[in-house]
Amino acid sequence: MDNFFNPKSIAIIGASRDHHKVGYVILKNLRDAGYKGNIIPINPKAKIILNETCYPSVLAVPQSIDLAVIAVPADIVLKVVEECGRKKIKNIIMITAGFSEIGNHTLEEQVQKTIQKYKIRLIGPNCLGLLNNDADIDTLFLPASRLVRPKHGTISFITQSGATGSTVLDLMAKENYGFAKFVSYGNATDINETDLL
């Protein structure tokens, strides 16, 4: 579990130059948080995003990757997870929605089989992301203009629901409480509240 909270390198799969896309917001949030590790945007249609060298696939990245954040459409998720497995990435946060929460159980089962095949641990899919103020990591897909981040502190919070989680974060920030870690785990295809506790 440590590579979720203290990764030395993070790939944002589905990083985008479009300010309105989730992949752009996640990349910007991670940079703005002051993350000290390697940030690796993945997008086959870009060379540079936010001054970071962009790669067409995780398989094209020369160095190892501790954590992948997936923010691509559901119809290409299986291909992306397969590539993560071949790259030996063992930790994935899947922001992508479009699975059992809308009745698409088959796709979620296929994702589950793929992560089991490669022994990958997965937070998500259909989750808000992870925040670790202890390590300057922010993979949440909401921009700071819409969701104020709490200051550094000692409270950690886990939730299935991204909507509940974002409300709690917003409220805590306004009330000036400090947070250490926050995780929204979504559909809990693999990792659930017991793992996170």
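This structure is a prediction, so every number in the text was calculated from the model and none was measured.

## What about the side chain of Asp66?
At step 1: Looking at the element boundaries, Asp66 is found in the loop between strand 4 (52-53) and strand 5 (67-70).
At step 2: One buried charge, Asp66, has no salt-bridge partner; the nearest side chain with opposite charge is Lys8, at 5.4 Å.
At step 3: Within the structure, the side chain of Asp66 is placed 2.7 Å from the backbone nitrogen of Lys8, a separation counted as a polar contact.
At step 4: Every residue in contact with Asp66, bar those within four places of it in the chain, is listed here: Asn3, Pro7, Lys8, Ser9, Ile89 and Asn91.

## With respect to the pattern of salt bridges
Side-chain pairs of opposite charge can arise whenever the charged atoms involved come near each other.
At step 1: Counted according to the given criterion, the structure contains ten salt bridges.
At step 2: With a shortest N-O distance of 2.6 Å, Asp32 and Lys28 are connected by a salt bridge. Here Lys28 and Asp32 lie together in helix 2 (residues 22-32), a separation of four residues that amounts to about one turn.
At step 3: The class for Asp32 is exposed, based on a relative accessible area of 52%.
At step 4: Where Glu52 meets Arg31, a salt bridge forms, and the shortest distance between an N and an O atom there is 3.1 Å. Of this pair, Glu52 sits in strand 4 while Arg31 sits in helix 2, and the two are 21 residues apart along the sequence.
At step 5: Take Arg31: its relative accessible area is 32%, and that puts it in the partly exposed class.
At step 6: Within this structure, Arg121, Asp190 and Asp195 form a network of salt bridges that share partners.

## What about the packing of aromatic side chains?
At step 1: Evaluated as defined, the whole model comprises one aromatic pair.
At step 2: When the centroid spacing of 6.2 Å and the interplanar angle of 0 degrees are considered together, the rings of Phe157 and Phe182 count as stacked. Of the two residues, Phe157 sits in strand 10 (residues 151-159) while Phe182 sits in strand 11 (residues 178-184), which places them 25 residues apart along the sequence.
At step 3: For Phe182, a relative accessible area of 0% translates into the label buried.

## Some details on helix 2
At step 1: Where helix 2 is concerned, the buried positions are Gly23, Tyr24, Val25, Ile26, Leu27, Asn29 and Leu30.
At step 2: Residues of helix 2 that are buried make contact with strand 1 (9-13), strand 2 (38-42), strand 3 (48-49), strand 5 and strand 9 (137-138).

## Some points on the sheet that holds strand 6 (residues 91-94)
At step 1: Strand order across the open sheet formed by five strands is 2-1-5-6-7, with parallel pairing between neighbours. In this open sheet, the two strands that pair with only one neighbour each are strand 2 and strand 7 (121-123). For this sheet the average axis-to-axis angle between neighbouring strands, irrespective of direction, equals 20 degrees.
At step 2: Relative to strand 7, strand 6 is paired through three bridges, and the arrangement is parallel. Paired with Ile93 across the two strands is Ile123, which belongs to strand 7.
At step 3: The strands touched by helix 3 (residues 77-86) within the sheet are strand 1, strand 5 and strand 6, with strand 6 carrying the most contacts at an inclination of about 160 degrees.

## Section: the sheet that holds strand 10
At step 1: The four strands lie next to each other as 9-8-11-10, forming an open sheet whose pairing is mixed. Of all the strands in the sheet, the pair left with one neighbour each is strand 9 and strand 10.
At step 2: As defined by bridge partners, strand 10 adjoins strand 11 across seven bridges and the pair is classed as parallel. Pairing of Phe157 across the sheet is with Phe182, part of strand 11.

Thresholds applied
Residues numbered from 1 in each chain as written. Predicted model: local features only at pLDDT ≥ 70, side-chain atom pairs only at ≥ 80, totals over all residues. Heavy atoms only, no water. Helix = DSSP H or I, 4+ residues; strand = E, 2+ residues; numbered from the N terminus. Buried < 20%, exposed > 50% of the residue type's maximum accessible area, 1.4 Å probe, protein only. Lys, Arg positive; Asp, Glu negative; His and termini not counted. Salt bridge = Lys/Arg side-chain N within 4 Å of Asp/Glu carboxyl O. Polar contact = N/O pair within 3.5 Å; in protein donor to acceptor, adjacent residues only side chain to side chain. Contact = heavy atoms within 4.5 Å. Phe/Tyr/Trp six-rings, centres within 6.5 Å; stacked < 30°, edge-to-face > 60°. Pairing = 2+ DSSP bridges. Axes fitted to C-alpha atoms, helices over the stretch in contact; angles between N-to-C directions.

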